[in-house]
Amino acid sequence: MCGFSTCISLHPPAHDGDQCCNTESTTASESPVGSLASSLQASVDIINHRGPDASGVWISENEKVGLAHCRLSINDLSPAGHQPLHTDNDQIHAVVNGEIYDYDRLRSECEISHGYNFQSDSDSELVLALYQIHGAPHFLTHLRGEFAFVLYDNRPGGERVIAGRDRYGIKPLVYTHVDSKLLVASEAKAFLPLGWQPRWDVRAIAGAGWMFDDRTLFRGVKKVLPGHYLDITEENGVQQVKYWDAEYEDKRKPETRSIDEMVSGVRERLVESVRLRLRADVPVGIYLSGGIDSSAIAGIVTDLARKENVKIGNEQATRVTCFSVAFPETSGYDESSIAERTADWLGVKTIKKTITEDTLAADFAEAVFHCEHHHFDLNFVAKFALSTLPQEHGVKVVLTGEGADEHFAGYPYFPAEFLRESDEALPESTLSQNRELREKMFHAVEGEMKGIWRHIGATAYEDKPAPASVAGVGATAMSDNLLAWHPAATLFSPWLLDQQGDYDCRATVLDSYPIDVQAKMRSRWHPLHTSMYMWNKNSLANVLLSCLGDRTEMAHSVEARTPFLDHHLTEYVNRLPPSVKLRYAAESENGELGPTWTSSSMALQSLNEKWILRQAVRPYITDELYKRKKHPFLAPTKWAMGGPLHQMFQDLLTEKSVNELGFVNFETIKQAMDIAWGEVADPKAFRLLVYCGAWVTLGQRFGVATAGPSDWE
């Protein structure tokens, strides 16, 4: 994994250049080329946490394109793997962040079948090779993994720049305009040395657009959407093009497959995904929680190492190193004990980090700075702290369990949509045959879910009439769940609420999906699959894979790999019937409830989430995990008055600092500060402090101008 920053002139420069340049041979005082080189070097220096091992800058002969890169060496540790990368004819150039898997097969195919001459052993060079061979957009279909890149094609026939992002948005890619230049980088902070002057995008913040579409918290800074690329030419300007999207089983024409066939299909693809992600020239570890997802990965890795002698990174070992996080046992959020029991059962080594209130208070600001957006929970600060462990123990690569809940229906807001319609793909299932039971459970689950939201301090939209949607009632209902972590309107300044009027944020959610996708939601997909698509396009890509993924991991130069987000696996799982992802059980075998579930959640507990995954990974996990209910990774919300967090937020959220934001109502923060602490703390009030604390931190660290009514335009 790495970081990069690029500058692309959308119009010819005012002077002629005579050569391409590198920072080694050009200084800022020599020429405008040198000035750009110096600025780009400063840009990647800001994000060198993404790649502390090497850096480089290249500028095109005509000075229209500048590419800068900072490297975290994973595959091909030699200088040949340094970037920017170039083809042997010096006509195509690229900076790449991420990992391209199935490297050996793809490289052999490029060399033998197409005569491509590789300049290194780095997997990143496959981006150049496949582009030269197949062109755009076809080369993207061959890329398997998590990646973001900028590629410059200067072959005869017209210049072209392509900036692409992986299918699920595992790797970040943002862009903005400064004068006549397009800036594209791994993180927005990289724009600061290139003339960017940040302002708040108050529409995206108050209307939730940053969570659901291509906007960010910053005005004019946009994300390249997952499964998309920017196609940049002088003739057509900047166009965002979709090259991949998720598809689900057609509920009108379901396939007929046996349960055994589906279980084997999931197992084979998951094991292959894990196997591919063990290839590295450095040590590889695992983030191990108390859940089935990361535990299954640990079990598969252990099995591959012991039975097939598969190397774990650069090591021929039978034990993988696992890293776990622990909260205080009294909090109700600690899963470290079950993680330790899993590790003992597998015979693997575990290294644990205990997250205390002092840890969360000390790391809050730095974690926010790296994430570049607010979040509803302090779990991202815990993930930030956890990611110090691999770095401290010389492990650059970790495998993680992200993506399993999204594709196997693991979250508690999926069951209502599962119950909304019968599953015609499995007509013999209990709920398909018993409509009365299914409808009774549907209404019970809806009520139970609203109770859970209130219990943990989320924003409920149940008091608002649902907006009309061509995507159907299921999509409208799911938008309420997606917006549960959007701040309540009372947090925003009166002028902003006046500008927003009676706007319903659910329109932001529904409008983020193209018309053809909305048509599939309405008539082709089962409501469960509609809800999963919505979650994956919104919260997964824009929140979880950022503040609980790339940003907090790469803050410590740690590359995380996500086997559950391998598109060969997910495309197969998406085509499976809803009733093998969630399965009805009249008597639940689940034990302890954890901090999210309540004893009244009987209908929710009667549905076994991730059922097909449990069967597929049964050989690799303990009985305890096989039967255990999903426990979301959340941080405690109740902390003592006068403690480190209380003091930190009091120091951070002063009247002056909050008012300098320009879009937050300080009275709301003042009231929240009074009721967010102690045994009877209001979790909703605490989350308001977390939101605002992030904005104040970003405003101060980025030097964001105070927002006002003109920022609404």
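What comes next concerns the included structure. Chains are numbered independently. Their residues run from 1 in the order of the written sequence. For a predicted model such as this one, the threshold for reporting local features is a pLDDT of at least 70, and the threshold for listing and counting side-chain atom pairs is 80 or more; totals across whole chains, interfaces and linings nevertheless cover every residue. Hydrogens and water molecules were not included; the side-chain quantities draw on all heavy atoms of the structure.

## Thoughts on the pairing of strand β15 (residues 321–326)
How we decide: Exposure categories follow from relative accessible area, calculated using a 1.4 Å probe and restricted to protein chains: below 20% of the type maximum is buried, above 50% is exposed, and the middle band is partly exposed. Each helix is a run of H or I in the DSSP string that is no shorter than four residues. Each strand is a run of E no shorter than two, and both are numbered from the N terminus. Pairing between strands is defined by DSSP: at least two bridges between the two strands are required. With its strands directed away from the observer, a crossover is right-handed exactly when the path from the first strand over the helix to the second travels clockwise.
With 5 of its 6 residues buried, β15 lies for the most part within the structure. As judged from the 3 bridges shared by strand β14 (residues 284–287) and β15, these two strands associate in the parallel manner. Along β15, the bridge assignment pairs Gly 285 with Thr 321. Traced from β14 through helix α7 (residues 292–308) to β15, the parallel crossover comes out right-handed. Bridge count between β15 and strand β16 (residues 349–354): 6 bridges; the pairing is parallel. Across the sheet, Ser 324 pairs through a bridge with Lys 352, a residue of β16.

## Quick word on the sheet that holds β15
Selection rule: Helix axes use the C-alpha atoms of the stretch in contact, all axes being lines fitted to C-alpha atoms, and the angles between their N-to-C directions lie in the range 0 to 180 degrees. Two residues qualify as a contact provided that any one of their heavy atoms is within 4.5 Å of a heavy atom in the partner residue.
In spatial order, the strands read β16-β15-β14-β17-β18; together these 5 strands make up an open sheet with parallel pairing. Of all the strands in the sheet, just β16 and β18 (559–561) have a single pairing partner and so form its edges. Recorded for the sheet is a direction-independent mean angle of 30° between the axes of neighbouring strands. Pairing geometry for β14 and strand β17 (residues 397–399), over 3 bridges, is parallel. Bridge pairing links Ile 286 to Leu 399 in β17. Those strands touched by helix α10 (residues 379–386) are β14, β15 and β16, and its axis lies near 145° from that of β15.

## Quick look at the packing of aromatic side chains
Short version of the rule: Note on aromatic pairs: the rings of Phe, Tyr and Trp (six-membered ring only in Trp) are paired at centre separations within 6.5 Å, and the planes decide the class, stacked below 30 degrees, edge-to-face beyond 60, tilted for the rest.
The final tally for this structure, using the stated rule, is 32 aromatic pairs. A ring pair is formed by Trp 58 and Tyr 152, whose centres lie 6.1 Å apart and whose planes are at 45°; its orientation type is tilted. Here Trp 58, found in strand β3 (residues 54–59), pairs with Tyr 152, found in strand β7 (residues 145–153); they are 94 residues apart in sequence, far enough to count as distant. Look at Trp 58 and you get buried, because its relative accessible area is 5%. Each ring, one from Tyr 513 and one from Tyr 533, has its centre 6.0 Å from the other, and the planes form 65°; the classification is edge-to-face. On the criterion of sequence distance, the pair formed by Tyr 513 in the loop between α18 (506–511) and α19 (515–523) and Tyr 533 in helix α20 (residues 527–554) is long-range, its members being 20 residues apart.

## Comments concerning the side chain of Ser 479
By the element assignment, Ser 479 lies in helix α16 (residues 473–482). Here Ser 479 falls in the buried class, since its relative accessible area comes to 0%. With sequence-adjacent residues up to four places away left out, Ser 479 is seen in contact with Arg 506, Val 509 and Met 534.

## Describing the state of the cysteines
Two cysteines form a disulfide when their sulfur atoms are joined by a covalent bond. Note the threshold: Pairs of cysteine sulfur atoms within 2.5 Å are what we label disulfides.
Under the criterion given, the structure shown has 0 disulfides. Here Cys 2 is not cross-linked by a disulfide; its sulfur's nearest cysteine counterpart is in Cys 70, at 7.1 Å. For Cys 70, a relative accessible area of 1% corresponds to the buried category.

## Thoughts on unusual backbone geometry
Put simply, Gln 83 and Pro 84 share a cis peptide bond, and its omega is 5°. Mapped onto the elements, Pro 84 comes out in the loop between β4 (65–71) and β5 (85–86). Positive phi is not limited to glycine here, since Ala 208 has a value of about 70°. Note on placement: Ala 208 falls in the loop between α4 (202–206) and α5 (209–212). A relative accessible area of 0% places Ala 208 in the buried class.

## Observations concerning the pattern of salt bridges
Our working definition: Salt-bridge detection follows one rule: a side-chain nitrogen of Lys or Arg within 4 Å of a carboxyl oxygen of Asp or Glu.
In total, this model carries 51 salt bridges according to the counting rule given. Its salt-bridge partner being Arg 50, residue Glu 187 comes within 2.9 Å of it at the nearest N-O pair. Pair noted here: Glu 187 is in the loop between β10 (181–185) and α4 and Arg 50 is in the loop between α1 (32–46) and β3, with a separation of 137 residues, a long-range link. Accessibility expressed as a relative area gives 0% for Arg 50, which makes it buried.

## Examining the sheet that holds strand β8 (residues 160–165)
Here 6 strands make up an open sheet; going across it, the order is β5-β6-β7-β8-β12-β13 and the pairing antiparallel. Each edge of the open sheet is held by one strand with a lone partner, namely β5 and β13 (237–242). Summarising the sheet, β7 and β8 pair through 6 bridges and their orientation is antiparallel. Within the sheet, the bridge partner assigned to Ala 148 lies in β8 and is Arg 165. Lying on the sheet, helix α3 (residues 125–134) is in contact with β5, β6 (92–100), β7 and β8; it crosses β6 at an angle near 125°.

## Re α10
Of all 8 residues in α10, 8 are buried; the element is thus mostly enclosed. Among the residues making up α10, those that are buried are Asn 379, Phe 380, Val 381, Ala 382, Lys 383, Phe 384, Ala 385 and Leu 386. On its buried side, α10 packs onto β14, β15, β16, α9 (357–371), α11 (388–392) and α20.

## A word on the pairing of strand β9 (residues 174–178)
For β9, the buried fraction is high: 4 of the 5 residues fall into the buried class. Bridge count between β9 and β10: 5 bridges; the pairing is antiparallel. For Tyr 175, the partnering residue across the bridge sits in β10 and is Val 184. Hairpin connection, β9 to β10: the antiparallel pair is bridged by 2 residues, and Asp 179 has positive phi, about 55°. Pairing between β9 and strand β11 (residues 222–223): 2 bridges, direction antiparallel. Within the sheet, the bridge partner assigned to Tyr 175 lies in β11 and is Lys 222.

Note that all results are geometric; they support no functional claim without further evidence.
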